[in-house]
Amino acid sequence: MSENRSIDHRSSDHKIHYECKYTPVELIEAFGGEPELLNRSSDTFRQAEILGSPNLCGFGKSVIETAIDEHIKELFLVNCCDTIRSAADIIADAGDTGFLYTMDLPHCMSQCSRELMTAHLEDFAMRYGEHTGLTFDPDKFRQAFTTVEWPDGPYIAVIGARMSDELFEMVEKTMPLPCRNLSCVRGRDLGASRPPETDDFHRLMDWYAGELLAQTPCMRMEDVTGRKRLFSDPDLAGVIYHTLKFCDFYSFEYSRVKDDLQVPMLKIETDFTLQSSGQLLTRLEAFGETLRMSAGARFSGISGKKESRAPEGPAAGPACSPEDKPGAAAAPEAGTGPEAYSMLDADATLEAGKKYFAGVDSGSTSTDIVIMDEACSIVTTVILPTGAGAENSAARGVAAALEKAGLTRDDLAALTATGYGRGSIQMGDSQVTEITCHARGAHYLDPDVRTVIDIGGQDSKVISLDPSGSVKNFVMNDKCAAGTGRFLDNMARTLEMDLDQMSQRGLEYKEDITISSMCTVFAESEVVSLIAKNKSADDIVHGLNKSVAAKTGTLVARVGGQEKYMMTGGVSRNRGLVKALEEELGCELVISPYSQLCGAIGAALFARDSSIR
């Protein structure tokens, strides 16, 4: 039932915070209150984790953290789940909130639920009036119903669990189209409603209860069929589906719609902090690039959108072949090589004297440089360790590549940066995510590749391509070091060997050891235990390779991977892991001599695109 926890001290203003779209915002405004949505992410959950359970969802913790740290005086909470009930108890016990009203949410549209909701509204009106000394103004109530005006044309929808204001701002900055926040709390749709002309407060609240419950249902409602309209708008061009850690309600919906949705969709999960904002930004930028490339014609004519540094045009662009040298990857099939490129660009011109293009892939472990000529042949490459700063490593790498090729910086028409440190490289003319660049590079090396597997130093990613090289879908393991190059590096140190030695070990083994933990910390303890049991290094390395292969195989299954598979990045040189992954997938992997340079190749191709006039 609804509960008022009013303490005998009043605030001079009447700002009241709330967290749910079923909050009677219009009723609060009719009393002269100032409702403010509580939807900001938190840096930490220090207070919440001291006072509450660690298993509360991130949003519940953020409500506790904000209410206590900011000394919120008036708060309206909708008891839509156990987390909010727990948050209300913790905030009440903290004793700093002067007016805390909690309202149970009826979970259906029945007459009984409407009557219950009406009783809640009347009870709140009585208690809020008593606390503030304010009175209900029917004219203010009617004026409070305003219609949200959405711009016409295609848009990106954020759907699912509530998304913090900070994350939605990031979404808006990275998407090529206007964005609508239709997630949990932001998908409030009472604007078209108009209250009846009556002075009967009970009748007015009965009508209001019906309108609140008739909104597009959240996933906590018993009947959620009304949510189908979120996915069926003909102007819907893409979906960013957001879920919250420890909250399963919206994960169920995602599972239902992911295979049937006819527009591109990206799923992201957060804990309502921005601690992984770098990885989130990469995923959002890559999704924006995919949308921009896969449906460029539909996006044309969109105005009022901020300038983007992401690539335009088809995902893979005109195909080019690698340099013809002994041991190089096979050239693309007829119709996709340099001749086809020349025909496609017959009317294009390059800036006079500028005939070379550079791609810089700034990774957490290495910085890779590729310089191409106007025929898309690879002129030179450089791989060097990433030092303390991405900008310095990129500058050293580009200088070394230019010297190696006998060129100067003035010979470069354009330079495109990609990878983990791309945002720090000021010398670049443009930036493209590693997702898009690895797809472009893989298509350049082998147009028949349909799935790219990149095990990087900091994350792992699997990218699904269509026949043109466009990114169909991608998934990333960006939440921990499990299954990444960093994991292998740590295990190599534990085994007192370098990565080159580790890549050769495990090819021949006697005991089929299974490493049960993928957590880097726990796996290291497990390896130490195996060493203490005198297990051979070959057997242990084989077990580690199997673990990484199993983790990667899960990502492949999630993205719907298909043959041919290409493995890119420095880990592709690890023969033992390649063998384990081939056994996991049941097919051979394409390993190009340029595999580690795949991202830089894609970046160089995008640099060339940007220079064509």
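The structure this text deals with has already been given above.
Residues numbered from 1 in each chain as written. Predicted model: local features only at pLDDT ≥ 70, side-chain atom pairs only at ≥ 80, totals over all residues. Heavy atoms only, no water.

Trainee: Please clarify how the sheet that holds strand E10 (residues 356-362) should be interpreted in this entry.
Mentor: Across the sheet, five strands lie side by side as E12-E11-E10-E13-E14; this open sheet has mixed pairing. At either end of the open sheet lies a strand with only one pairing partner, and these are strand E12 (378-385) and strand E14 (430-431). Contacting E10, strand E11 (366-373), E12 and strand E13 (412-418), helix H21 (residues 598-611) crosses the sheet at an angle of about 140° to E10. (Pairing = 2+ DSSP bridges. Helix = DSSP H or I, 4+ residues; strand = E, 2+ residues; numbered from the N terminus. Contact = heavy atoms within 4.5 Å. Axes fitted to C-alpha atoms, helices over the stretch in contact; angles between N-to-C directions.)

Trainee: Even after reading the chapter, I still don't get the nonpolar core, so can you show me in this structure?
Mentor: Across soluble globular proteins, nonpolar side chains show a tendency to be buried alongside one another. Residues Phe124 and Tyr208 are the most contacted members of the largest nonpolar core, which totals 77 residues. The biggest single contributor to this core is helix H8 (residues 201-213), with seven residues. Shared between two domains, this core holds at least three residues of each, these being domain 1 (3-143) and domain 2 (155-295). Apart from residues no more than four positions distant in its own chain, Phe124 is found in contact with Ile16, Pro24, Leu27, Ile28, Phe76, Phe99, Tyr101 and Gly129. (Core = buried A, V, L, I, M, F, W, Y, C linked by side-chain atoms within 4.5 Å. Buried < 20%, exposed > 50% of the residue type's maximum accessible area, 1.4 Å probe, protein only. Domains from an automatic or database assignment.)

Trainee: Honestly, the layout of surface pockets in this entry has me stumped. Any pointers?
Mentor: Its boundaries defined by the atoms lining it, the largest pocket holds a volume of some 1000 Å³. Along the walls of the largest pocket sit 42 residues, with Ser364, Thr365, Ser366, Gly456 and Gly457 positioned nearest its centre. Breaking the lining of the largest pocket down by element, the ones donating at least two residues are helix H11 (277-294), E11, helix H15 (434-445), strand E15 (451-455), helix H16 (485-494) and helix H17 (499-504). If you tally residues by element for the lining of the largest pocket, the top one is H11, at five residues. Tallied by class, residues from the lining of the largest pocket come to eight nonpolar, 22 polar and twelve charged. (1 Å grid on protein atoms, 1.4 Å probe; cavity = no way out; pocket = protein on both sides within 12 Å on 5 of 7 lines; lining within 4 Å. Points joined across faces, edges and corners; volume = space filled by probe spheres on them. Nonpolar A, V, L, I, M, F, W, Y, C, P; charged D, E, K, R; others polar.)

Trainee: Looking at this model, I keep getting lost on empty space enclosed by the protein. Mind explaining?
Mentor: This model, assessed by the stated rule, comprises one cavity of 30 Å³ or more. In this structure, the largest cavity spans a volume of roughly 60 Å³. Residue composition of the lining of the largest cavity, by class: three nonpolar, four polar and two charged.

Trainee: Can you help me understand the pattern of salt bridges in this one?
Mentor: Side-chain pairing between opposite charges can occur once the charged atoms of the two side chains come close. For the coordinates displayed, the defined rule picks out 18 salt bridges. Between Glu26 and Arg188 there is a salt bridge, with the nearest N and O atoms lying 2.7 Å from each other. With Glu26 in helix H1 (residues 25-30) and Arg188 in the loop between strand E7 (179-181) and H8, the pair connects residues that are 162 residues apart, well separated along the chain. Glu26 gets classed as buried once you look at its relative accessible area, which sits at 5%. With a shortest N-O distance of 2.8 Å, Arg440 and Asp609 are connected by a salt bridge. Here Arg440, found in helix H15, pairs with Asp609, found in helix H21; they are 169 residues apart in sequence, far enough to count as distant. (Salt bridge = Lys/Arg side-chain N within 4 Å of Asp/Glu carboxyl O.)

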